[in-house]
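Listed here are the chains, written in short residue letters.
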Amino acid sequence: MKIGIVCYPTYGGSGVLATELGMALSHNGHNVHFITSHQPVRLEFLNSNLHFHEVFIEDYPLFRYQPYELALSSKLVEVVEKYKLDILHVHYAIPHAYAAYMAKQMLEQKGIKIPIVTTLHGTDITLVGSHPVYKAAVEFSINNSDIVTTVSESLRSDTLRLFTIYNRIEVIYNFIDFDKQKDWEDEDCLRETLANNNERIITHVSNFRPVKRVLDVIKIFHKIQEKIPSKLLMVGDGPDREKAETLAKEYGIKNKILFLGKSDEVRKILCLSDLFLLPSETESFGLAALEAMAARNAVISTNTGGLPEVNLHGKTGFLSNVGDVEDMAKNAVYLLENEERLDKFKDKAYSFAQEFSIEKILPKYERLYNLVLK
Ligand code: GMT
């Protein structure tokens, strides 16, 4: 199959997932074309099955905002026509599903039919998509896609609750490529470079947007380190990073926290870590938590959105109400204070992560592509 993939090429979960999906499809013999504003960060290499087409925007003094959707839909028309694509798979509704619909209409006028698969990822529905300024266009794009998927049951019900949907929505969970995980496992996890032997390592990975509640991460760690010798690794960057660093300074624990910034080596970092913190306000799935579980981290998270589908309370970690830093710290200490207990949770986290292995999830996308092509 010749598949066009549209996504945000950044460190965000939807971009990571779309890039990993495209690479896996190309390994399965499909011809994959990424059509994005920049080369996706996780795109490791291009080969005869893997192509990248950059969407250029012409600036003009009249524009206050550059018309990216217009440039994207024109590029989609060009690539679908030139490479005779069979399918367009767009990740994150805004504005990708809308641009794909416009491209589909333009192509239809040329006698070319192109089905559109739209995968909804989270904030395109919950935080941004349902806002009145975007809602009508997002609803229209969802209803006019040939097939719609969400990354969790929770996101499916949020979509049905927030929009008037008459299209079928399938749930296909996010996935992990364990073969890539193994590359790091085979290397030595050099814990001693970051922490003393008696210290636990705790990690948080995100885009540091307000929805991630990174200040809660610092508050939870502040309480943990009073009872358990530990270090905190803060991976990522974004609007709340400075506030988090300031709070760490105020608590006098800056020397126990490493702010590592954006990293291409998340798997390597997670392999050093014992526990992952994800106290988000909302999370449609929590790909970062799944990546941590695949690296044998127990998870302390909130119980919001799709997180209970990924982090099993009392088995792979614990879930608490949003903002309940007291409870999250208590649960973290409970895990970290007992080696045997911690190992049990880590093992369960690792084994449950296998339910989301790429081998289990990829055929679900391939089945949908075949369905939509019939
Ligand atoms: O977390 C973000 O804000 C990034 C966002 C994105 O652009 O991809 O993440 C969403 O999609 C991920 C991949 O499907 C999910 O794992 C995240 O839970 C979801 N984020 C939210 O719902 C806040």
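Residues numbered from 1 in each chain as written. Predicted model: local features only at pLDDT ≥ 70, side-chain atom pairs only at ≥ 80, totals over all residues. Heavy atoms only, no water.

(A) The overall build of the chain, seen in detail. For the chain, the count of helices and strands is 14 helices and 13 strands. Compactness check: the chain gives a C-alpha radius of gyration of 21 Å against a globular reference of 21 Å for 374 residues, within 12% of the reference. Seen through its principal axes, the chain has C-alpha atoms that stretch 70 × 45 × 40 Å. Counting the 374 residues in the chain, one finds 56% classified as buried. By element, 49% of the accessible surface of the chain is carried by carbon and sulfur atoms, the whole surface being about 16,600 Å². Within the chain, one finds 43 positive and 50 negative side-chain charges whose respective centroids are separated by 3 Å. (Helix = DSSP H or I, 4+ residues; strand = E, 2+ residues; numbered from the N terminus. Rg over C-alpha atoms; globule rule 2.2 N^0.38 Å. Buried < 20%, exposed > 50% of the residue type's maximum accessible area, 1.4 Å probe, protein only. Areas by Shrake-Rupley, 256 points an atom, 1.4 Å probe, with all protein chains shown as cover. Lys, Arg positive; Asp, Glu negative; His and termini not counted. Charge placed at Lys NZ, Arg CZ, Asp CG, Glu CD.)

(B) Local environment of the pattern of salt bridges. Per the counting criterion, the structure on display carries 22 salt bridges. The shortest N-O distance in the salt bridge between E78 and K75 comes to 3.4 Å. Note that E78 and K75 are positioned in helix 2 (residues 68-83) at a spacing of three residues, about one turn of the helix. Of the residues examined, K75 reaches a relative accessible area of 16% and is grouped as buried. One salt bridge connects K212 with E283, and the closest N-O pair in it is separated by 2.9 Å. Residue K212 is found in the loop between strand 8 (200-205) and helix 7 (214-227), and its partner E283 is found in the loop between strand 11 (275-278) and helix 10 (287-294); the two are separated by 71 residues along the sequence. Accessibility assignment for this pair places K212 and E283 in one class, buried. (Salt bridge = Lys/Arg side-chain N within 4 Å of Asp/Glu carboxyl O.)

(C) Focus on the sheet that holds strand 7 (residues 169-171). Read across the sheet, seven strands follow the order 3-2-1-4-5-6-7 without closing on themselves; strand pairing throughout is parallel. Among the strands making up the open sheet, the edge pair consists of strand 3 (50-54) and strand 7. For this sheet, the mean inter-axis angle between neighbouring strands, taken without regard to orientation, is 25°. Note: strand 4 (residues 87-91) against strand 5 (residues 116-120), four bridges, orientation parallel. Directly across from L88, in strand 5, lies its bridge partner I116. Running at roughly 155° to strand 2 (residues 31-36), helix 1 (residues 13-27) makes contact with strand 1 (2-6), strand 2, strand 3 and strand 4 of the sheet. Strands in contact with helix 3 (residues 93-109) are strand 1, strand 4 and strand 5; relative to strand 4, the strand with the most contacts, it is inclined by about 160°. (Pairing = 2+ DSSP bridges. Axes fitted to C-alpha atoms, helices over the stretch in contact; angles between N-to-C directions. Contact = heavy atoms within 4.5 Å.)

(D) Summary view of the sheet that holds strand 11. Pairing is parallel in the open sheet, where six strands are placed in the order 10-9-8-11-12-13. The outermost strands of the open sheet, each flanked by one partner alone, are strand 10 (257-261) and strand 13 (317-320). Neighbour to neighbour, the strand axes of the sheet diverge by 20° on average, direction disregarded. Sheet topology note: the strand 12 (residues 298-302)/strand 13 ladder contains four bridges and is parallel.

(E) Spotlight on unusual backbone geometry. Residues I94 and P95 are joined by a peptide bond in cis, for which omega reads -15°. Here P95 shows up in helix 3. Of note, the phi angle at K84 is positive, near 50°, even though the residue is not glycine. With respect to the helices and strands, K84 occurs in the loop between helix 2 and strand 4. Of note in the backbone geometry, R296 takes a positive phi value of approximately 60° without being a glycine.

(F) Just the pairing of strand 2, in detail. The element strand 2 is extensively covered by neighbouring structure, given that six of its six residues are classed as buried. Neither face of strand 2 is open: one carries N31, H33 and I35, the other V32, F34 and T36, and all of them are buried. Pairing analysis gives four bridges linking strand 1 to strand 2, with the strands arranged parallel. Note that in strand 2 the partner of I5 across the bridge is F34.

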